[in-house]
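Fold and contact review
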Amino acid sequence: DAKTTQPPSMDCAEGRAANLPCNHSTISGNEYVYWYRQIHSQGPQYIIHGLKNNETNEMASLIITEDRKSSTLILPHATLRDTAVYYCIVRVVGTYKYIFGTGTRLKVLA
Amino acid sequence: GAVVSQHPSRVICKSGTSVKIECRSLDFQATTMFWYRQFPKQSLMLMATSNEGSKATYEQGVEKDKFLINHASLTLSTLTVTSAHPEDSSFYICSASGQASNTEAFFGQGTRLTVV
């Protein structure tokens, strides 16, 4: 079973920050949180991952709560091309086997 | 970043025939690859784990005789859908990762299979 819970859909105005929440209350101490996105009819694209500390790269920021039970992906300035389904995944330790949840369908509005 | 390539991107086949889908890691060695299936408007469902040089591990409910997986080298895994039926029509996606412990898996672009 998927170990994450996300809202099914969100809208965001172009140019504004998109904040996508994820609940992973049963995460273990050595499990990573990964974020991917999938644009229609393509394979998932890696965005960012983290263990405990907040992370930032050229695409996004990842904020993980201190108890690690939830996280938020932040796209600082959303564009129309960021419209996609965003998946938050907890990686099973020792494997790259990903169990996908239902994801959040983000629509960026002009 | 690392690249995983799938071929073909689209295939149409007749009922009863078999179709082979290839997944290649282009610039790294992947001892393990994964195969997923995705139906319209649904999430990705893990089908099996492909292990180089050994038998694949299938998820519960996935028929191993219908979905044959071969991982003959560190850069190539193949999925063969045998005796395909219209209900096998789906989007098939593979993923692969390098051997470091704290890296991400990379996904192929997917293969759209339509069985007519």
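Let us now look at the overall build of chain B. When its secondary structure is counted, chain B shows zero helices and eleven strands. Across chain B, helices and strands are ordered from the amino to the carboxyl terminus as β-β-β-β-β-β-β-β-β-β-β. Its C-alpha atoms give chain B a radius of gyration of 13 Å, within 12% of the compact-globule value 13 Å for 116 residues. Summarising its shape, the C-alpha atoms of chain B cover approximately 40 × 25 × 20 Å along the three principal directions. Burial status across chain B gives 50% buried among its 116 residues. Total accessible area on chain B is roughly 5700 Å²; 50% of this is exposed by carbon and sulfur atoms. Averaged over its 10 positive side-chain charges, chain B has a centre that lies 7 Å from the centre of its 9 negative ones.

When the charged atoms of two side chains lie near each other, side chains of opposite charge can form a pair. Throughout the structure, instances matching the rule amount to five salt bridges over all chains. Of the charged contacts, one joins Glu59(B) and Lys97(A) as a salt bridge, the two residues approaching to 3.2 Å between their closest N and O atoms. Within this pair, whereas Glu59(B) is found in the loop between β6 (57-58) and β7 (67-73), its partner Lys97(A) is found in the loop between β8 (84-90) and β9 (104-109), the two belonging to separate chains. In this structure, Glu22(B) and Arg24(B) form a salt bridge, with 3.5 Å as the shortest nitrogen-oxygen distance.

Tallying each qualifying case throughout the model produces two disulfides over all chains. The disulfide partner of Cys22(A) is Cys88(A), and the S-S distance across this bridge is 2.1 Å. Because the torsion about its S-S bond is -80°, the bridge between Cys22(A) and Cys88(A) counts as left-handed. Pair noted here: Cys22(A) is in strand β2 (residues 18-23) and Cys88(A) is in strand β8, with a separation of 66 residues, a long-range link. The class for Cys22(A) is buried, based on a relative accessible area of 3%. Classification of Cys88(A) by relative accessible area gives buried; the value is 1%. The disulfide partner of Cys23(B) is Cys94(B), and the S-S distance across this bridge is 2.0 Å. The disulfide joining Cys23(B) to Cys94(B) has a torsion of about 80° about its S-S bond and is therefore right-handed.

Attention now goes to the packing of aromatic side chains. Residue and element names in this part refer to chain A. A complete count under the given rule lists 13 aromatic pairs over all chains for this structure. Ring geometry for Tyr87 versus Phe100: centroids 5.1 Å apart, planes at 85°, classification edge-to-face. Placement of Tyr87 in strand β8 and of Phe100 in the loop between β8 and β9 is noted, with a sequence separation of 13 residues between them. The same class applies to Tyr87 and to Phe100, which are both buried.

Many structure descriptions define interface size as the accessible area lost when the parts assemble. Counting from both sides, the interface comprises 20 residues of chain A and, opposite them, 22 residues of chain B. Both sides of the chain A and chain B interface together cover about 1600 Å² of buried area, and 53% of this is carbon and sulfur. Counting across the chain A and chain B interface gives eight residue pairs in polar contact (both at pLDDT 80 or more). Mapped onto the side of chain A that touches chain B, the elements with two or more residues apiece are β3 (33-38) and β4 (45-50) of chain A. By residue number, the principal contributor to the side of chain A that touches chain B is β3(A), which donates three residues. Broken down by class, the residue content of the side of chain A that touches chain B amounts to ten nonpolar, eight polar and two charged.

What follows is about the sheet that holds β2(A). All names here are of chain A. One open sheet holds the four strands; their spatial order is β2-β7-β6-β5, and the pairing between them is antiparallel. If you trace the sheet from one side to the other, it starts and ends with β2 and β5 (55-56), each paired once. As defined by bridge partners, β5 adjoins strand β6 (residues 61-64) across two bridges and the pair is classed as antiparallel. Of the residues in β6, the one forming a bridge with Thr56 is Ser61.

Formed by 26 residues in total, the largest nonpolar core has its most connected members in Phe67(B) and Leu113(B). Among the elements of the structure, β2 (10-13), β3 (19-25), β4 (32-38), β5 (45-51), β7, β8 (76-81), β9 (90-96) and β11 (111-115) of chain B are those that each provide at least two residues to this core. When residues no more than four places from it in sequence are discounted, the contact partners of Phe67(B) are Arg37(B), Met47(B), Tyr58(B), Val62(B), Leu79(B), Thr80(B), Val81(B), Asp88(B) and Tyr92(B). In this structure, Leu20(A), Ile27(A), Leu75(A) and Ala84(A) belong to the second largest nonpolar core, which totals 21 residues.

Thresholds, definitions, all that
Residues numbered from 1 in each chain as written. Chains lettered and ligands numbered in written order. Predicted model: local features only at pLDDT ≥ 70, side-chain atom pairs only at ≥ 80, totals over all residues. Heavy atoms only, no water. Helix = DSSP H or I, 4+ residues; strand = E, 2+ residues; numbered from the N terminus. Rg over C-alpha atoms; globule rule 2.2 N^0.38 Å. Buried < 20%, exposed > 50% of the residue type's maximum accessible area, 1.4 Å probe, protein only. Areas by Shrake-Rupley, 256 points an atom, 1.4 Å probe, with all protein chains shown as cover. Lys, Arg positive; Asp, Glu negative; His and termini not counted. Charge placed at Lys NZ, Arg CZ, Asp CG, Glu CD. Salt bridge = Lys/Arg side-chain N within 4 Å of Asp/Glu carboxyl O. Disulfide = S-S within 2.5 Å. Phe/Tyr/Trp six-rings, centres within 6.5 Å; stacked < 30°, edge-to-face > 60°. Contact = heavy atoms within 4.5 Å. Buried area = accessible area lost by both parts, 1.4 Å probe. Polar contact = N/O pair within 3.5 Å; in protein donor to acceptor, adjacent residues only side chain to side chain. Nonpolar A, V, L, I, M, F, W, Y, C, P; charged D, E, K, R; others polar. Pairing = 2+ DSSP bridges. Core = buried A, V, L, I, M, F, W, Y, C linked by side-chain atoms within 4.5 Å.

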